[in-house]
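Summary of the model geometry
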Amino acid sequence: MPNHLAGQTSPYLLQHAGNPVDWYPWGPEALELARREDRPILLSIGYSACHWCHVMERESFTDEATARLMNEHFVSIKVDREERPDIDAIYMSAVQAMTGHGGWPMTVFLTPEGVPFYGGTYFPPEDRQGMPAFSRVLRAAATAFTERRQDVEHAATGIRQMYERAQQAMQPSGSITPSLLKRAYDSIANGYDAIHGGFGTAPKFPQTMVLDFLLRYWRRTGTEQALQIAEYSFLAMAHGGMYDQLGGGFHRYTVDEAWRIPHFEKMLYDNALLARLGTHLFQATRNPEIQRITESTVDWVAREMFSPEGGFYSALDADSEGEEGRFYLWSEEQLDALLGPDAAVAKRYWGVSANGNFAGRNILHVPAPIEEVAAGVGMQTEALEQIIARDTGVLAEARAGRIWPARDEKVLACWNGLMLRTLAEVARVFGRKTDREHALASGAFLFREMVRDDRVLRSYRRGAARIPGYLEDYAAVGLGALALYELTFDYDWAERAARLARSMLSWFWSESAHAFFDTASDQDTLITRPREVTDNATPAGTSLAVELLLRLGDLLDDDGMRQRATWVLQTMAEPLARYPAAFGHLLGQADMAIHGAVEVALVGEPASPTFSQLDREVAAHYLPTLILAAGAPHEPQPIPLLRGRSMRDARATAYVCRHYSCEAPVTAPESLGMLLEQAVRLHDESTPPAP
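Structure report, in brief. Just so we're clear, the structure is a prediction, and the values are computed from it rather than from any experiment.

**Structural notes on the pattern of salt bridges**
Tallying each qualifying case throughout the model produces 51 salt bridges. The partner of Glu295 in a salt bridge is Arg432, and the shortest N-O contact between them spans 4.0 Å. Of this pair, Glu295 sits in helix 12 (residues 288-304) while Arg432 sits in the loop between helix 17 (413-430) and helix 18 (433-450), and the two are 137 residues apart along the sequence. Classification of Glu295 as buried rests on a relative accessible area of 16%.

This is the structure in structure tokens:
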């Protein structure tokens, strides 16, 4: 008999709709039931692509005896963390405080008022490797609630006090200066894994935003190590099992330090962030391998994650046919049969062996540069490249006949905003028409289906948008719209970004706390109003909001936006320097506040050849704080940067400005390139943050 999840739209909740557990979605019905019957709440949080979420469902939530325990003693609530990041953030902070770690699936026991008193992550069906059996945990929590209520209330009081402290008003903690960025860089560089790339040991996560900050730091200071760390780490991931060598796209993370053995889920946000990093790395290095990986990543997104309506789906599952990674694994015999005379060199290139590297089978990876493999088999590199390209097609076609991992087809505003921004930048830098078309379709979809009266909705599926948006949704969609303006120079996109920013300030900024909150002031009241400031798998809502305000403040010459963003940065100054790995994206915004923008105004007819030449020249340079505006001459200009600008010699003309002063206008792409490089080099000077 279906439980209360049957009518939900979240694929994760629907995966549990047939469980014998009497699951409820989060909402008034379940919360009122817990209060009325004075029963504790068992809150289970996960997401559709999560491997261990599937394991716990198979082991415990489909088990009749376990379900009876849950149904007898608890009101059981299921939450999709991707649809409700507010609930996830509130209870994750409690689990981390109680246990010292967190993750998904997350299991939290709450009082009927919703205050946590015990929690953890995955629990096995029997005692295993120091972890208690889930049934034992259930009995202990139920007994504590009924027989030791005072202890439960004491634990809940400690968590309440933690939440209350998090609501306190923010104050400046330091100055935003170049020395802060130097402290952050030194700390990050000290954690670098020079052998395998990335940071720390297993498990290895991409830490894309930290790598992007290092790239910015190199651009500012000329510190070659910063560029080397970013480039080597990106290529190490791309050549490992973390990257799908056949279909493109990155998996979530790897369980080993060498990027070989991934958890196989593919998340939209990871690929949006990594493709954007790849775009910036290509601008900095002109490395064709980085271009190949970046374009293959967005090709995968367009091919497998793009909905007919124009939105991007959320994730591909880690499992298929009940087995983790099955879709991606190969035996040596399979390659021999499919590739024939090519098999020997293909196996060498992809590191394939008889014993395999994962449960007796092989995760394809690239253990050595193609030049080295070609030399080892006595072949020209170009010839081997042709073989690998042909064999990639053969294996991809064979793999397409397998049972595919499930796809989570909900469309999330924040993740779509991140992907929209990436596609717009990829289209601008690499000039591919299909990327431009997908970016425009994505932007049109978001503002047609998920933005209403300047309010953003979080989730869309099967023709319906639902759940009020969070701070990250407003800011990410706004930044996506701003990137579309820089791609098309259609002012409507800049105006949409500005309206979202003003709406964001109205609904998420708290004058009493002097800070942004993650939920709007009119959203559901929870036990606390979440305010997550660290950049985790995705940028925090706060750091995205700061970036949107800084960029719009410069583009529209809005001092109020700049001042608000700078205040937030000042309140985070000391954490930025002390814990930089937790603030990769926000460090990038500190960089912009310190060094200011490189402003480029292009004046001319966008369809003219001379305009296109200047536009392409700007796109060829890595300018981490670029503010780009363009317009035709003799037209009213709503963007201050364009006012009073004219063409020279009847040719499209570029103006490069920095710190309220502009260089002489230029019409030749080569002259523009020199001015852009000079403007970035000038950023080495210590400059104060905006007032």
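**Quick look at the sheet that holds strand 23 (residues 653-658)**
Spatially, 22-21-23-24 is the arrangement adopted by the four strands of the open sheet, whose pairing is mixed. The open sheet is flanked by strand 22 (626-631) and strand 24 (661-662), the only strands paired with a single partner. The pairing of strand 21 (residues 598-603) with strand 23 spans five bridges and is classified as antiparallel. When the bridges of strand 23 are listed, Val600 appears paired with Val656.

**Regarding the sheet that holds strand 5 (residues 116-120)**
Pairing within the open sheet is mixed, and its five strands lie in the order 1-3-2-4-5. Two strands in the sheet have a free side with no partner beyond their single neighbour: strand 1 (24-25) and strand 5. Looking at chain direction, strand 2 (residues 41-46) and strand 3 (residues 75-80) are connected through six bridges and run parallel. Pairing of Ile45 across the sheet is with Val79, part of strand 3.

**A closer look at the pairing of strand 2**
Regular strands place their side chains on alternate faces of the sheet. In terms of residue burial, strand 2 counts as a mostly covered element, since six of its six residues are buried. A two-sided burial pattern is seen for strand 2, the buried positions comprising Ile41, Leu43 and Ile45 on one face and Leu42, Ser44 and Gly46 on the other. Relative to strand 4 (residues 106-110), strand 2 runs antiparallel, the two sharing five bridges. Opposite Leu43, over in strand 4, you have Val108 as the bridge partner.

**Some thoughts on the packing of helix 21 (residues 541-555) against helix 22 (residues 559-571)**
Their axes nearest at 8 Å, the elements helix 21 and helix 22 cross at an angle of 145°. In terms of crossing hand, the pair formed by helix 21 and helix 22 is left-handed. Every residue of helix 22 that contacts helix 21 at Thr542, Val546, Leu549, Leu550, Leu552, Gly553 and Asp554 is listed here: Met561, Arg562, Arg564, Ala565, Val568 and Leu569. Of the residues contributing to the contact of helix 21 with helix 22, the split by class is eight nonpolar, two polar and three charged.

**Structural notes on the environment of Ala272**
Along the chain, the position of Ala272 falls in helix 11 (residues 268-285). With relative accessibility at 0%, the residue Ala272 sits in the buried group. Between the C-alpha atoms of Ala272 and Phe234, which are 38 residues apart in sequence, the distance is 14 Å. Those residues in contact with Ala272 that lie beyond four places of it in its chain are Leu418, Met419 and Thr422.

**A closer look at the packing of aromatic side chains**
Two aromatic rings are characterised by how far apart their centres lie and by the angle between their planes. The tally for this structure, following the rule as stated, stands at 30 aromatic pairs. Residues Phe327 and Trp404 carry aromatic rings whose centres are separated by 4.7 Å and whose planes lie at 45° to one another, so their mutual orientation is tilted. Linking Phe327 in the loop between strand 11 (323-324) and strand 12 (329-330) with Trp404 in the loop between helix 16 (381-399) and strand 14 (407-408), this pair joins segments that are 77 residues apart in sequence. Accessibility expressed as a relative area gives 3% for Phe327, which makes it buried. For Trp404, a relative accessible area of 38% puts it in the partly exposed group. Chaining the aromatic ring pairs together yields one cluster made of Phe74, Phe109, Phe117, Tyr118 and Phe145. Positioned over the ring face of Trp330 is Arg402, at 4.0 Å from the centre of the ring. Taking NZ or CZ as reference, Arg645 lies 4.9 Å from the ring centre of Tyr655, over its face.

**Some thoughts on the state of the cysteines**
One pass over the full model with this rule turns up two disulfides. Shown here is the disulfide that connects Cys657 with Cys662, its sulfur atoms set 2.0 Å apart. Taking the torsion about the sulfur-sulfur bond, which here is approximately 100°, the covalent link between Cys657 and Cys662 counts as right-handed. In this structure Cys657 comes out as buried when scored by relative accessible area, which is 1%. For Cys662, a relative accessible area of 36% puts it in the partly exposed group. Cys414 carries a free sulfur, and the closest cysteine sulfur to it, the one in Cys50, is 19 Å from it.

**So, the side chain of Arg39**
Relative to the assigned elements, Arg39 resides in the loop between helix 2 (28-37) and strand 2. The exposure class assigned to Arg39 is buried, which follows from its relative accessible area of 17%. A polar contact of 2.9 Å, which involves the side chain of Arg39, links it to the side chain of Glu37. Apart from residues lying up to four places away in sequence, Arg39 is in contact with Leu33, Ala34, Asn71, Glu72, His73, Phe74, Val75, Pro112 and Phe145.

**Side note on helix 18**
In this model helix 18 runs 25 Å from its N-terminal to its C-terminal C-alpha over 18 residues, within 8% of the 26 Å that 1.5 Å per residue would give. Of all the positions in helix 18, only Asp435, Ala439, Ser442, Gly443, Phe445, Leu446, Phe447 and Met450 are classed as buried.

Thresholds, definitions, all that
Residues numbered from 1 in each chain as written. Predicted model: local features only at pLDDT ≥ 70, side-chain atom pairs only at ≥ 80, totals over all residues. Heavy atoms only, no water. Salt bridge = Lys/Arg side-chain N within 4 Å of Asp/Glu carboxyl O. Helix = DSSP H or I, 4+ residues; strand = E, 2+ residues; numbered from the N terminus. Buried < 20%, exposed > 50% of the residue type's maximum accessible area, 1.4 Å probe, protein only. Pairing = 2+ DSSP bridges. Axes fitted to C-alpha atoms, helices over the stretch in contact; angles between N-to-C directions. Left-handed = near helix turned anticlockwise from the far one by under 90°. Contact = heavy atoms within 4.5 Å. Nonpolar A, V, L, I, M, F, W, Y, C, P; charged D, E, K, R; others polar. Phe/Tyr/Trp six-rings, centres within 6.5 Å; stacked < 30°, edge-to-face > 60°. Lys NZ or Arg CZ within 6 Å of the ring centre and 35° of its normal. Disulfide = S-S within 2.5 Å. Polar contact = N/O pair within 3.5 Å; in protein donor to acceptor, adjacent residues only side chain to side chain. Expected span 1.5 Å × (residues − 1).

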